[in-house]
Structure formats: C-alpha cells, structure tokens
Amino acid sequence: MLKIKQTIAQKITEQIVAQFSGAEIETATIASMLEYPPDASMGDLALPCFKLSRSLRRSPVQIAGALAESVKDVSVSRVENVNGYLNFYLNKEYLGETLLRGIVRAGESYGSQTLGEGKTVVLDYSSPNVAKPFHIGHLGTTVIGHALKKLHEFVGYKCVGINYLGDWGTQFGKMIVAYRKWGVREDVEAGGVDKLVELYVKFHNEAEANPALNDEARAEFHKLEEGDEENIALWKWFIEVSLVEYKKTYDLLGIEFDSYKGESFYTDKMPAQVQKLRDKGLLKIDDGASIVDLEEYGMPPCLILKRDGSTLYPTRDIAAAVYRKETYDFDKAIYVTSAAQCLHFAQWFKVVEMMGYEWAPALVHVPYGTVSINGEKLATRTGNVILLKDLFAMAIEKVGEIMEQKNPDLKGRRDIAESVGVGAIVFYYLSNNRMKDINFVMEDALSFEGNTGPYVQYTYARACSVLAKTGEPNKTQPMKLTAPEEEALIKTLARFPEKVLEAVRDYEPSIIARYILDVAAAFNRFYHECKIVSAEDEAIRNTRTMLTLAVKTVLGNAFGLICLKKEEKI
C-alpha cells in the first residue's frame, strides 16, 4: 500500500500544480493525508480535501471535483468525489497479481525496509539488578527493548543490544554483609539468585531492628570500591550466579545481547566526564554536592557528585553514553526504562547537550507504564514479587493442560506448550500501548479466544494446516478473486510495511501486536466464509492457497518482531 499511496500522491500533486496557480505542495504531504476509510464501501483510500482548502483557496468540494479525474493508474479502478473526499477504489486484478503475488515472492523479507542502512542503533534494555530477582517488573524493558531491536534490524539498522546490568552500588555492601552473616556457599550454589534474594530480604528485615547493619554495608561497599580482594571475589560470584539464572529467561524469550557491560565497567570512565563538566564551568557546589543547574530548562538540578565525592546514576549514564558513542559510533541510542525515570533521562540528556556533545539529540528515552499482579505493586525488599521464571512455568503448565485436553496426540507437546505459554505472556504485554499501566491477569493472557497470544499463534498454525493439505500453490497461475473476504484480507496484508514503519517511528511494538490481531481476524473470516481445500474451481483454490501462504508469511514475519515463536501445530 505504500507504493500505491506514493503513486496516487504523485499524480494528485502534479494536478494541483497544474490546476491551481501558484500552488506549492510536496508529494510526501499528500501521501501523509491519504487515509483508510472505516468502511470498504467508502473506498480503499481517501483524501480529505478539507486540509487543502486554505492553501488552495477553494472549497473542499471544488478541490475534490477538480482532482477527481487526476488519478489514472493500473492500481485504481475508479475515483469518487463525495462531499469533499476523494475516494479511491483499487483494481481487483492489481490486488491479486501485484499485491498478493508480491507478498509471496518477497517471503521472509516482506515488510522489511532500507531506511536504516549504514546506520547503527544502540539499545539499552532489560538491565536487571544483580543478586535481585528477574521479576515481572522487568518484563516491560526486556520485551519492549528486544522488539525495538528486531524492528530496527528489520528496517536496515545495525543494532547493538546492551544489557546494562545493575552490578554496582551500596546494595552489594548489603549482600556481602548478609552473606557473611547468614549465607552458606553450597546453599547459594544450589538455590541461585533465589537464595541471594532471601539474604537481601533478610538483611532489610534485620536492619529495621538493627540500623547499624546499614553502616556495615556502607563500609563493605567502600572496601569493594577500594579493590578489596575478598569483596571483589564475592561480588564477581554474585554476578555469575545471577547471570546463570537470567540467561534461562532470555533463552525462553529467544533473546541474546551483544554486551553485558554493567555499571561497574564505567567506574574508571566517570572522572574524565566530571572533569569536563568542571572545565566547562557547568558544575556548581550546592550544600556540598556537585550539581548542574537546569533551572532555565524547567528541571531540578542534576546531581553529579555527592558531598563525599561519590558518583551517582547520572554520572555513570553520561560516561556510558560517551563510551558507547566512541565504541559503536551510534546514530541513535535508545534507553528502555520505566516512565518513573523520565525526569532522570531528561536531566542527563540535557547535561550531555550542555557539555557540547553534538550527538546529544541521538539519545532517546522510551518509557513504559507499570505492571502489577491483581492490582498489587511489586517490591523486592519485602519479597512481594512474581518471578518471571515462575510466571512462565505457570503459563507453560496451563497451556500444556489445555493441549492435553484438546490435542493429546500432538508430538512435541512440551516444546509447543513452552512457545505458546511464553508467547501468551509476551503478547499480553505487548498488545497494550507501552505507556499503559498493566494489571496482569493470567486467565486472560492464556485464553485461546479473544485478542491473545494463543489465538494468533493458533491462527498461524491453522494457516500451516491448510497448506499441509493443499500443498504449494502454483505461483505463476493467474489469480482469481471471487469473494469480498479475499480482497479484504489482501488489503490487510498489504499494510504490513506501513505498520513496521509506524512502530519504528513511534517506538511502539503494540502497533505490530494489534496489526497481528487484524490479520488473524481477517484470515479467520476468510477461512470460515471461503472454501480453500475443497474449492472446486482449480484457479480459485490456487488463489486461496496463495492467500493462505501470504498469511503465513506475514504472520511469521510479524511474530519475529515481537518475540513470538512460530508453531505449525498446536
């Protein structure tokens, strides 16, 4: 549809210039004005001429009348002028011979773009705190971040995925104290990060009764900063134990990172940036702390150094951004974190700009809303968390039970249950706008009916089942469209490239998830209304087989953009 929009926009632009003296308008402007009518009876594309009235000094009806005969193209069967709208109806032969055949021919590359060729994007996402649980609160940054990585790769960017581990800070002083007082190495080796969490929770419980423990923790972290060998060894071990657990979750999601450089990596890189702030006269002393004043930008001051000279999150983030620019020469650096950190990112982004780094506009914060379970917020210190591994295990088990009832003879049921169970949670999350706060309800996520992951994965499997019965279509045979459901499905499939561009532009994976639902709905209407395997006319059967193959192609390509696995049988 992008190509059709461009063609129509070009012809309209030419007619405007020819018919309206002194008129100046760009083809891209007209293309952006073309919209999809809510009802097929109103055309396949429409141009509301109201937006042109002021510049062309004519009424919308007059403009539409003057342009109605301007579009002569093989893709358009007719153009109607209705109350200031130009409604375009696409040629049925073009739908089959060009759009449908083009989707099948493109295959796995259908929907991909070249706008990012020669450019690099660095994506900072997931980034759990070491020695703390990987819980449902991390789901947003992990799946949104990875979806954005896949989307940017799909439009041609070279992508670098960075897991910026929270592997530094006073919490490690707490962990060291807790381990030495109550920990047993064998227990931690066996229990993994869960055992570390128990120690962390115990520390906070004990510290409420004995605040002196906090002083011990600060002292142990100071020793860690000074390079104490025993503390360094414990710290590295905590990281190793944590990563073993985290990677199990990443494997379930099919996620790999290019870098696991955490906060500690930038410890020796911060002084240079602090000095640069001093040299530029940006650092001010406020009650003993070093700050950058952001009052003229409507923000509170950005804290760079505490009174004791120790660094903070903005200091590390600035140092990390400089390192990544020098290392990867990125064209964009994307940070996927909770919306609660919007001010933090706005502050240090502005500081980077004030420091004179001309690449500051390439820094992009992608925030997302909170997630809760049955309305309850999560808190590590109290142990009130739902671990992702437990959530996935519950989902896999429940999907397995459903499959046991509906398809007990299916081979590889355990692996399929894993794909569908994990996919259900991911799709449930990504089908919502990323800024929406989500209350996670397992029963809703796992339903095979409604707008869910199991529903769309089952739709993909249905298309595969049809193709298993029909065999490969004859890809050179002329197309024969005979039903409105066929045409509607082709038009839906043809919008995939646009949806990809919208999702990249808005940093919004939910655009792809909702589009997948549109394709599933259109295919299921087609499947129920049109005979495919049993169609008597050979040309009709071949066309519908081609259409089913196109559905499998588009759904498969879209699944790959949002961490959803393709299963041919469910």
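Use the structure listed above.
Caption draft 1: Structural context of the sheet that holds strand β7 (residues 289-292). Spatial strand order, β6-β7-β8: three strands in an open sheet with antiparallel pairing. One side of each edge strand has no neighbouring strand; the edge strands of this open sheet are β6 (283-286) and β8 (302-305). In this sheet, adjacent strand axes meet at a mean angle of 45 degrees when their direction is disregarded. Here β6 runs beside β7; their pairing, made up of four bridges, is antiparallel. Its bridge partner being in β7, Lys284 is matched across the sheet by Ile291.

Caption draft 2: Quick look at the sheet that holds strand β5 (residues 158-162). Overall, parallel pairing links the four strands, which are arranged β5-β4-β9-β10 in an open sheet. Looking at the sheet topology across the chains shown, the edges are occupied by β5 and β10 (363-368). Looking at each pair of strands side by side, their axes are set apart by 20 degrees on average, direction ignored. Pairing geometry for strand β4 (residues 120-124) and strand β9 (residues 332-338), over four bridges, is parallel. The partner of Asp124 across the bridge, within β9, is Tyr335. Packed onto the sheet, helix α14 (residues 342-354) meets β9 and β10 and runs at close to 175 degrees relative to β10.

Caption draft 3: Spatial organisation of the pattern of salt bridges. Counting across every chain of the model gives 32 salt bridges. The residue Arg101 makes a salt bridge to Glu97 at a minimum N-O spacing of 2.7 Å. Of this pair, Arg101 and Glu97 both sit in helix α5 (residues 92-106), four residues apart, roughly one helical turn. Among the residues examined, Glu97 registers a relative accessible area of 27% and is labelled partly exposed.

Caption draft 4: Just the packing of helix α10 (residues 212-225) against helix α11 (residues 229-253), in detail. Where α10 meets α11, the closest approach of the two axes is 8 Å, and the angle between their N-to-C directions is 95 degrees. Between α10 and α11, the angle falls in the class roughly perpendicular. Contacts between α10 and α11 involve Glu220, Lys223 and Leu224 on the former and, on the latter, Asn231, Ile232 and Trp235.

Caption draft 5: How the structure looks around the nonpolar core. Counting 161 residues, the largest nonpolar core has Leu47, Phe238, Phe440, Phe496 and Ile512 as the members making the most contacts within it. Contact partners of Phe496, with chain neighbours within four places excluded, come to Tyr110, Gly111, Phe154, Ile512, Tyr515, Val554, Asn557, Ala558 and Leu561. Core analysis: the second largest hydrophobic core is formed by 36 residues, Val292, Met299, Phe330 and Tyr335 among them.

Caption draft 6: Molecular detail of the pairing of β7. By the alternation rule, side chains of β7 split into Ala289 and Ile291 and Ser290 and Val292, which are all buried. Hairpin connection from β6 to β7: two residues lie between these consecutive antiparallel strands, with Asp287 at a positive phi of about 55 degrees.

Caption draft 7: Broad picture of the packing of helix α15 (residues 388-406) against helix α16 (residues 413-430). Where α15 meets α16, the closest approach of the two axes is 8 Å, and the angle between their N-to-C directions is 125 degrees. As judged from the angle between their axes, α15 and α16 are oblique. The handedness of the crossing between α15 and α16 is right-handed. In this structure, α15 uses Leu391, Phe392, Ala395, Ile396, Val399, Gly400, Met403 and Glu404 to contact α16, whose residues at the interface are Arg413, Arg414, Ile416, Ala417, Glu418, Val420, Gly421, Val422 and Ile425. Of the residues contributing to the contact of α15 with α16, the split by class is eleven nonpolar, two polar and four charged.

Caption draft 8: Representation of the packing of aromatic side chains. This model, assessed by the stated rule, comprises 29 aromatic pairs. Where Tyr125 meets Phe257, the ring centres are 4.9 Å apart and the plane angle is 40 degrees; that geometry is what we call tilted. A residue pair is termed long-range when its members are at least 10 positions apart, and Tyr125 in the loop between β4 and α6 (139-154) and Phe257 in the loop between α11 and α12 (270-279) qualify at 132 residues. Side by side, Tyr125 and Phe257 carry an identical accessibility label, which is buried. Relative to Tyr515, the ring of Phe496 lies with its centre 5.6 Å away and its plane at 15 degrees, an arrangement referred to as stacked.

Caption draft 9: Here's a closer look at a nonpolar patch on the surface. There is a patch of nonpolar side chains on the surface, built from Phe50, Val82 and Tyr85 and spanning about 240 Å² of accessible area. Of note, Phe50 is situated in the loop between β1 (45-48) and α3 (53-56). The exposure class of Phe50 is partly exposed, given its relative accessible area of 43%.

Caption draft 10: Quick peek at the side chain of Thr141. Mapped onto the elements, Thr141 comes out in helix α6. A polar contact is formed between the side chain of Thr141 and the backbone nitrogen of Ser126, at a distance of 2.8 Å. If near-sequence neighbours (up to four positions away) are discounted, Thr141 is found in contact with Tyr125, Ser126, Val336 and Tyr368.

Basis of the calculations
- Residues numbered from 1 in each chain as written.
- Predicted model: local features only at pLDDT ≥ 70, side-chain atom pairs only at ≥ 80, totals over all residues.
- Heavy atoms only, no water.
- Pairing = 2+ DSSP bridges.
- Helix = DSSP H or I, 4+ residues; strand = E, 2+ residues; numbered from the N terminus.
- Axes fitted to C-alpha atoms, helices over the stretch in contact; angles between N-to-C directions.
- Contact = heavy atoms within 4.5 Å.
- Salt bridge = Lys/Arg side-chain N within 4 Å of Asp/Glu carboxyl O.
- Buried < 20%, exposed > 50% of the residue type's maximum accessible area, 1.4 Å probe, protein only.
- Parallel < 35°, antiparallel > 145°, perpendicular 65-115°, else oblique.
- Core = buried A, V, L, I, M, F, W, Y, C linked by side-chain atoms within 4.5 Å.
- Left-handed = near helix turned anticlockwise from the far one by under 90°.
- Nonpolar A, V, L, I, M, F, W, Y, C, P; charged D, E, K, R; others polar.
- Phe/Tyr/Trp six-rings, centres within 6.5 Å; stacked < 30°, edge-to-face > 60°.
- Patch = residues over 30% accessible without salt bridge, like charges linked within 9 Å, V, L, I, M, F, W, Y side chains within 5 Å.
- Areas by Shrake-Rupley, 256 points an atom, 1.4 Å probe, with all protein chains shown as cover.
- Polar contact = N/O pair within 3.5 Å; in protein donor to acceptor, adjacent residues only side chain to side chain.

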